[in-house]
Amino acid sequence: MEDYPEELRTPPVSLACIVGCPELHQTISGFLHAEQPPINTLALPDFSKISLLARKQRDPLAPPQPAAGIFKRDWLLKHRTRVPAVAAALFRSDHVTGDPAQWLQVCTDLENLKSVLHGRNTRLVVVIVQTQVSDALSEDLMIALRKRAEIDAKHLIVFVQNDSSELRQSLNRLASLFSELCMTYYREEGRRIRIRVEKKTFTSTELNIRYCFKVAVYAEFRKDWAEALRYYEDGYRALREMTGTTTRLPPIQRLVEIKAVAEQLHFKISTLLLHGGKVVEAITWFHKHVTSYKQLVGVVEVAFLHWDWFSRQFLVFAELLETSSAAIPATLSHFGTSDNPLTEWEFQPAYYYQLAANYLREKRYSLDNLLSTSDLARKVAGVPESVIPALYLGQSARLFEEGDTVAVLPLSDAEYISYALAEAERYQDAYEIIALFRKAYESFNRRGAPRMACFCSSRMAKEYYAAEDYSNAKQLFESVAGLYRQEGWATVLWESLGYLRECSRKLGSAKEFVGYSLEMAALPILTDEGPEATESRRDYCPAGPATISRRVAIQEEVFALVTNAQTPEAEAGGESNLLLTKDLPLCLNIDLTSPLRIVLLASVAFHDQTVKPNSPTLITVSLLSQLALPVEIDLLEVQFNQPTCNFRIVDSQKDISTAAFILDDQDVRLETALLKLLPNKWLRLTYEIKSGQSGKLECSSIVAKIRKNLMISCQAESPATMEDLPMWKFEDRVESFPIKDRGLSFSGQKVIQVEEPEPQVDLILNSLGPALVGETFIVPVSIHSKGHEVHFGELKINLVDARGGLLMSPREAEPFDSHHVELVSISGTPEEEESQADIDNIRKIQHSFGVVSVPVLREGQSWSCNLEIKWHRPKSVMLYVSLGYSPSSDEATLQRINVHRSLQIEGKIPVIISHRFMAPFRREPLLLSKIKSLTISDQKESLAWNESSTLIVTARNSTEVPLRLTSMSIKLEGESDDKNFCSVHQIGGGISPENALLVPGEDFKGLFSVKPEIDCPKLGLGTVYVSWVRDSKRGENQHTIATRQRLPDINVEKPPLVVSMECPPHAILGIPFSFYVKIRNSTSLLQEIKYSLGDSQNFVLSGPHNHAAFVLPKTEHLISYKLVPLSSGPQQLPRITVASVRYSAALTLSVAAATVFVYPTEPKFGLEGSKSEVVV
Amino acid sequence: MIVCVAVVGNQNNPVYLQSFTEADDALKLHHIVHCSLDVIDERVNNPKRSGPTLNETFLGLLYPTENYKVYGYLTNTKVKFIMVTTDLDVKDADVRNFFRRFHAAYVDAVSNPFHVPGKKITSKSFAERVSVIVKSFGSTAA
């Protein structure tokens, strides 16, 4: 579009001319230009310049010439710049009113102007320039001037210069007059010519078209778009009709002219339609334009001109579409159906850019064809010199100079062809085509049409390739190939790869050349249709059409290349082949995402998931190739992450000696097999493999060496995670599996776990039964080497609650150590004792975790240590001990072997301590709290103040081991102070060597006398300490362990009444004895007592059965009975019940307290007369 | 005249592509069919601008290219049928009819128990049936 002249591209603007008073020109022209609609100004500084406006003189008597063309090339420009619609003569008022000479000058100037404008319809305006309003001319002068100029009164206006508001007014006046006159002018001009069109008073079609064009242009001047459009279309139609009729010019040039005119008319129509927002109409019009001219190719020699022109139509329309703001109407829908035959893309400039590029390509092809065939013809004709564009649009002529005379001569068609060819040769179409495709590519990409963009991109790349810019071409083709690979379009991918292959050949990259070639040879192209049609060869890539025979040929070529043999095709390549050989041998790497997976796919599966070290397992290596021809692999190397496992397979049919040159490393295991890969058939190779190193054994890659110089390193894939081959997965073919075993081909892995070697070291944990709370429990750990030396040994100890709980108390406020079980220390064997200091450095012991290093042990040596664990709570604990060591001292092969042992240890309470209080025999203090709180069972033990009670502490061995007690004591809290409050003395149960041994389940009782000396509701009695040791034969060095238990607090109160009974311990049948009950009132109140005595058949008694008594404060009341026993043996005394009325409390003596033994006769031992009352 | 028919799978992979021209322009037709997938994508993604009803399978003219017109059809399983013709004046009804018959042939072909869905159609009888449909397209249009 940029090639079009300015006047064609922009809408026409009215033209006015001003003459004289040059100082005002800038103001006026500026103002007019800013008007709406704008008016262009042709400013002539003085009247001498008016000849510019003059018409060309035409001999009025000459006969009308037949039209020599359709449009004059400069007609539009003339009307835009040289033929004004209005001419204004500016005169200063003082010149008009001045002396006669000046007046005369004014008159002459006017006359001249009139004569210049004679024959045109240009309107004349006279402007009187006054410096101020007061300079007004007289009426007479005005009339005289008007008469001279032969104009209407309103065409004579006054322009006031110096007053700004007046100036503005004057300018407005001028502008409105101008615009009115312009309108009139263009309307009349238009009408004048329209009449000719309507009355058909023209002699030829050319004139008809010209008139239509003129009418339309005049209408455009008036902004009458509808009329302009109508006449442009009329002109266009008339032009189309004359295609076959006119004979004015030689046929080739005739067609060129018609197309040039059509182009201009079409451009105008499209612009008007698009600016009017009629996108659909514009596109429809464009289609009509294109279809009606597409076939007008003309003779073969100038076909390129046609395609050039045709391409330009698309380009210009694309640019118009891009620059016009008109969008696709929102109401438009149903693209591509009968309701709306247009499709989405036809609204996109990219579509037209792409077509423009296509036709430009067409032009290049026809040009190339022409240049290659008609070289001779052109030389004969010779290229005419100084060819210029002729007067008429679309015509060319030769400028002929001879001496001073310059003549313009018409060209013959032959000359024209030579000229056009010479011109066309000068252009670099390739870059133009690339630019167009790039525009289309970017636009399609933005619009989200990746495939179309891809297509443009591939066309671009082809142009680069044609222009021998191989690196650009390669880059573009690579991006294109990516999409085709992804969607599996083999045929189009073939094309891109064919170009890529050639690009890499040209760029001398052997690796890429081989890669692309192999990929091509492995593409799923299975047809072999027809012979190659050479005619459409240009549509194919350099590798030819996608057929199976081409695949074969390409593979053969590559394989010949890597064996350094020459194929006929490669020889044709000539010097480029030399480039290829220099970086041989080639190594192609195929990873999981490589498109070359179709060339060679390696699937590796171990038959097992885990294996013992040094024991054999099976591995299957399966290879698949989709190449067109069978591939013979010379050597296959299977590589693992443990290089010692690598092995090689040599083709059994090949002589090993010929392959020996690659066997640089003699240590590698060598296998032989038939290594022939048939297309689409798995080659399965199963081998036994051993690994001595524990850990992961993974097959990393399979390297195939083919012929002398090709090496394909293929990343191994597990069958379980292997993806389908990208291009082949859509092919309808029999599915085969990499491994015969169906299960393995779904779940096989290229990784196997090699287990650790069997440890040849014993780790022994001993335990002496359950652990007892409080003691330092010792677990001996011993390490005995049976076959391995122990280097860098490390023993890790871990304590875990067997029930999964924490070994730590969550409560921080725990009175003593918050750990229930803790690892106290690890002690070495006695002989290691001296090096204790440095062992301690390595030792790390936490409460439940410990690490200790083990010294170097030779085979057969052993080492032991003791773990000291202390239980604070009875808990079951898992002890985990693991020994990590390496069997050799070589740090480089630091392979660690771990031995794990665990042991569950119960933590038990050694002794259960219980206690109980006993009141003195036959003496019962009344404790009020006992009466009151019958309901609360867990009430504190109550003791009477200042009364001695007996405390029995029982220690029971609750373990399964015998214990030996060493002491039992009660320690008061608060030391000496508490002595005043309570006195506790041991009164029995002393420990002697005989009773110290406590077998499991046995009790030991200690007796203590307790006498509270203070009346206190909460009195601490102290803590029981039971010291013990395990009763073991060898346990001399054992420490005694104290188990302690705090006695609960007791309630001490003053008893208001104390009842004691006195009775002899034994009686003799028939001999009376006395029985007293003493009631002591320790209150200061009078206490009423009721008592009763039941009958007994064993005794005869004297005294009241029921009675009441009053006990005076602080005194003692005595009730006495006399009894005679009637039968012998232990006998129940008659039941006596004492009740206190005040406290509603009754006392019945216990059975034990009320039992007396009756002898039948006087016993013979001399222990008589002892009192039955037990006094504490 | 129909120059090419194609079945494109739901991963935009070619399932069946057959050209019916004497000239050796198979490659060009491959490109045309591949590019037309963009239009199908666009039509499918902007349903309000595409066919009159939601269930319309016929997509209409996809785009005119230099010498060809490309028509599209989308089945419920997102398999695309693409037809390339050189006829400039094609009746909508003819194209619809063509696609309907083509669809029936396709359904029969993929109903073959030996056909694996998504793979290329290599059935000879399908190819024969398609060529019959293609040939009859010209005769009904005339």
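These figures come from a predicted structure and were not determined experimentally.

1. Some details on the nonpolar core
Soluble globular proteins tend to bury their nonpolar side chains together.
Here is step 1 of the chain: Judged by nonpolar contacts, the single largest core of 246 residues is most densely connected at F178, L239, L518, F640 and L710 of chain A together with V84 of chain B.
Here is step 2 of the chain: Take this core: its biggest share by element is twelve residues, from helix α7 (residues 164-199) of chain A.
Here is step 3 of the chain: When residues no more than four places from it in sequence are discounted, the contact partners of F640 of chain A are F606, I619, C645, N646, F647, I689, L697, E698, C699 and S700 of chain A.
Here is step 4 of the chain: Counting 33 residues, the second largest nonpolar core, distinct from the first, contains V790, I826, W863 and L867 of chain A.

2. Describing helix α15 (residues 413-425) of chain A
Here is step 1 of the chain: Compared with an ideal rise of 1.5 Å per residue, which puts 13 residues at 18 Å, α15 of chain A spans 18 Å between its outermost C-alpha atoms and is within 8% of the ideal.
Here is step 2 of the chain: Within α15 of chain A the residues assigned to the buried category are D413, Y416, I417, S418, Y419, A420, L421 and A424 of chain A.

3. Some details on the pattern of salt bridges
Residue and element names in this part refer to chain A.
Here is step 1 of the chain: Following the criterion strictly, the structure yields 46 salt bridges over all chains and no others.
Here is step 2 of the chain: A salt bridge links E263 to R312; the nearest nitrogen and oxygen atoms lie 2.8 Å apart. Here E263 is found in helix α10 (residues 251-275), whereas its partner R312 is found in helix α12 (residues 303-323), with 49 residues between them in sequence.
Here is step 3 of the chain: Two residues, K612 and E755, come together in a salt bridge whose shortest N-O distance is 3.0 Å. Placement of the pair is K612 in the loop between β11 (610-611) and β12 (617-624) and E755 in the loop between β20 (751-754) and β21 (761-765), with a sequence separation of 143 residues.
Here is step 4 of the chain: On the accessibility criterion, K612 (45% relative accessible area) is partly exposed.
Here is step 5 of the chain: A single salt-bridge network, built from bridges that share partners, covers R194, E198, R222, D224 and E227.

4. Observations concerning the side chain of T547 of chain A
Here is step 1 of the chain: Position of T547 of chain A among the secondary structure elements: in the loop between α20 (510-521) and α21 (548-562).
Here is step 2 of the chain: Here the side chain of T547 of chain A touches S549 of chain A through a polar contact of 3.2 Å, side chain to side chain.

5. Quick look at the sheet that holds strand β50 (residues 1136-1140) of chain A
Residue and element names in this part refer to chain A.
Here is step 1 of the chain: If you trace the four strands from one edge of the open sheet to the other, you get β47-β45-β50-β51, paired in antiparallel fashion. Only two strands of the sheet have a single partner each, and these edge strands are β47 (1106-1111) and β51 (1145-1148). Neighbouring strand axes in the sheet, compared pairwise and without regard to direction, differ in orientation by 20° on average.
Here is step 2 of the chain: Bridge count between β50 and β51: four bridges; the pairing is antiparallel. Opposite A1139, over in β51, you have A1146 as the bridge partner.

6. Quick notes on the pairing of strand β4 (residues 123-130) of chain A
All names here are of chain A.
Here is step 1 of the chain: With seven of eight residues buried, β4 lies mostly within the body of the structure.
Here is step 2 of the chain: Of the pairings in the sheet, the one linking strand β3 (residues 86-92) to β4 comprises seven bridges and is parallel in character. For R92, the partnering residue across the bridge sits in β4 and is V129.
Here is step 3 of the chain: Pairing geometry for β4 and strand β5 (residues 156-160), over five bridges, is parallel.

7. Description of a nonpolar patch on the surface
Here is step 1 of the chain: A surface patch of nonpolar side chains, amounting to about 300 Å² of accessible area, comprises L1086, F1110 and L1112 of chain A.
Here is step 2 of the chain: With respect to the element layout, L1112 of chain A can be found in the loop between β47 and β48 (1116-1125).

8. With respect to the side chain of D38 of chain B
Here is step 1 of the chain: One can find D38 of chain B in helix α1 (residues 26-45).
Here is step 2 of the chain: Within polar-contact distance, the side chain of D38 of chain B engages the backbone nitrogen of R451 of chain A at 2.8 Å.

9. Examining the sheet that holds strand β2 (residues 14-19) of chain B
All names here are of chain B.
Here is step 1 of the chain: Pairing is antiparallel across the open sheet formed by five strands, whose spatial order is β2-β1-β5-β4-β3. Looking at strand neighbours, the two that pair on one side only are β2 and β3 (58-64), the edges of this open sheet. Along the sheet, successive strands turn relative to each other by an average axial angle of 15°, direction set aside.
Here is step 2 of the chain: Here six bridges tie strand β1 (residues 2-8) to strand β5 (residues 80-85), and the two strands are oriented antiparallel to one another. Note on β5: the bridge partner recorded for A6 is I82.
Here is step 3 of the chain: Most of the contacts of α1 go to β3, to which it runs at about 125°, and overall it touches β1, β2, β3, β4 (69-74) and β5.

10. Brief notes about the state of the cysteines
Here is step 1 of the chain: One pass over the structure, following the stated rule, counts zero disulfides over all chains.
Here is step 2 of the chain: For C454 of chain A, which is in no disulfide, the shortest distance to another cysteine sulfur is to C35 of chain B and amounts to 7.9 Å.
Here is step 3 of the chain: A residue is classified by how much of its surface remains accessible, and C454 of chain A, at 7% relative accessible area, is buried.

11. Here's the deal with the packing of helix α19 (residues 490-507) of chain A against α1 of chain B
Here is step 1 of the chain: Two numbers describe how α19 of chain A lies on α1 of chain B: the axes approach to 9 Å, and their chain directions differ by 115°. Relative to α1 of chain B, α19 of chain A is oriented roughly perpendicular. In this structure, the crossing between α19 of chain A and α1 of chain B has a hand that is left-handed. Between α19 of chain A, through T491, V492 and E495 of chain A, and α1 of chain B, the contact on the second element is made entirely by L27, H30 and H31 of chain B.

12. A few points about the confidence of the model for chain A
Residues and elements named next belong to chain A.
Here is step 1 of the chain: Looking at chain A, the pLDDT average stands at 80 and 86% of residues meet or exceed 70.
Here is step 2 of the chain: Below pLDDT 50 for its whole length, residues 567-576 participates in nine contacts with residues either more than four positions away or in separate chains.
Here is step 3 of the chain: Predicted confidence is poor over residues 830-842, with pLDDT under 50, and the contacts of this stretch with residues over four places away or in other chains come to eight contacts.

13. Thoughts on unusual backbone geometry
Residue and element names in this part refer to chain A.
Here is step 1 of the chain: In this structure, P37 follows Q36 across a cis peptide bond, with omega equal to -5°.
Here is step 2 of the chain: When you line up the elements, P37 lands in the loop between α2 (25-34) and β2 (39-44).
Here is step 3 of the chain: The phi torsion at E468 lies on the positive side, around 65°, for a residue other than glycine.
Here is step 4 of the chain: Locating E468 in the fold gives a position in the loop between α17 (450-466) and α18 (470-487).
Here is step 5 of the chain: On the basis of relative accessibility, which here comes to 58%, the residue E468 falls in the exposed class.
Here is step 6 of the chain: Backbone geometry at S1144 places phi at a positive 45°, although glycine is not the residue there.
Here is step 7 of the chain: Tracing the sequence through the fold places S1144 in the loop between β50 and β51.
Here is step 8 of the chain: Note on S1144: relative accessible area 63%, which makes it exposed.

About the cut-offs
- For every chain, the first residue of the written sequence is number 1, and numbering continues from 1 onward in sequence order.
- Whichever chain is written first becomes A and whichever ligand is written first becomes 1, with later ones labelled in order.
- Reporting of local features is limited, given that this is a predicted model, to residues whose pLDDT is at least 70; pairs of side-chain atoms are given and counted only at 80 or more, and all residues count toward the totals for whole chains, interfaces and linings.
- Computation of side-chain values covers all heavy atoms of the structure but excludes hydrogens and water.
- As used in this record, nonpolar core signifies buried Ala, Val, Leu, Ile, Met, Phe, Trp, Tyr and Cys residues forming a set joined through side-chain atoms within 4.5 Å.
- Using a 1.4 Å probe on the protein chains alone, a residue whose accessible area is under 20% of its type maximum counts as buried, one over 50% counts as exposed, and one in between counts as partly exposed.
- By definition, any uninterrupted DSSP run of H or I lasting at least four residues is a helix, any uninterrupted run of E lasting at least two residues is a strand, and each is numbered from the N terminus.
- Note on contacts: a residue pair qualifies if any of its non-hydrogen atoms lie within 4.5 Å across the two residues.
- Given a helix with a known number of residues, its expected span is that number minus one, times 1.5 Å.
- Definition used for salt bridges: Asp or Glu carboxyl oxygen within 4 Å of a side-chain nitrogen of Lys or Arg.
- N or O atoms closer than or at 3.5 Å make up a polar contact, with two conditions inside protein: a donor-capable atom paired with an acceptor-capable one, and, for residues adjacent in sequence, both atoms drawn from side chains.
- At least two bridges found by DSSP between two strands are what make those strands a pair.
- Angles shown run from 0 to 180 degrees and are taken between the N-to-C directions of axes, each axis being a line fitted to C-alpha atoms and, for helices, limited to the stretch in contact.
- Only residues whose relative accessible area exceeds 30% and that take part in no salt bridge are eligible for patches, with like-charged residues grouped when within 9 Å of each other and nonpolar side chains (Val, Leu, Ile, Met, Phe, Trp, Tyr) grouped when within 5 Å.
- Residue exposure ignores everything except the shown protein chains as possible cover, and the areas themselves are Shrake-Rupley values with a 1.4 Å probe.
- Throughout, disulfides are identified as pairs of cysteine sulfur atoms within 2.5 Å of each other.
- Oblique is the label for any angle not covered by the other classes, which are roughly parallel (under 35 degrees), roughly antiparallel (over 145) and roughly perpendicular (65 to 115).
- Each crossing gets its handedness from the near helix: less than a right angle anticlockwise from the far helix is left-handed, clockwise is right-handed.
- Think of pLDDT as the predictor's per-residue confidence, scored from 0 to 100.

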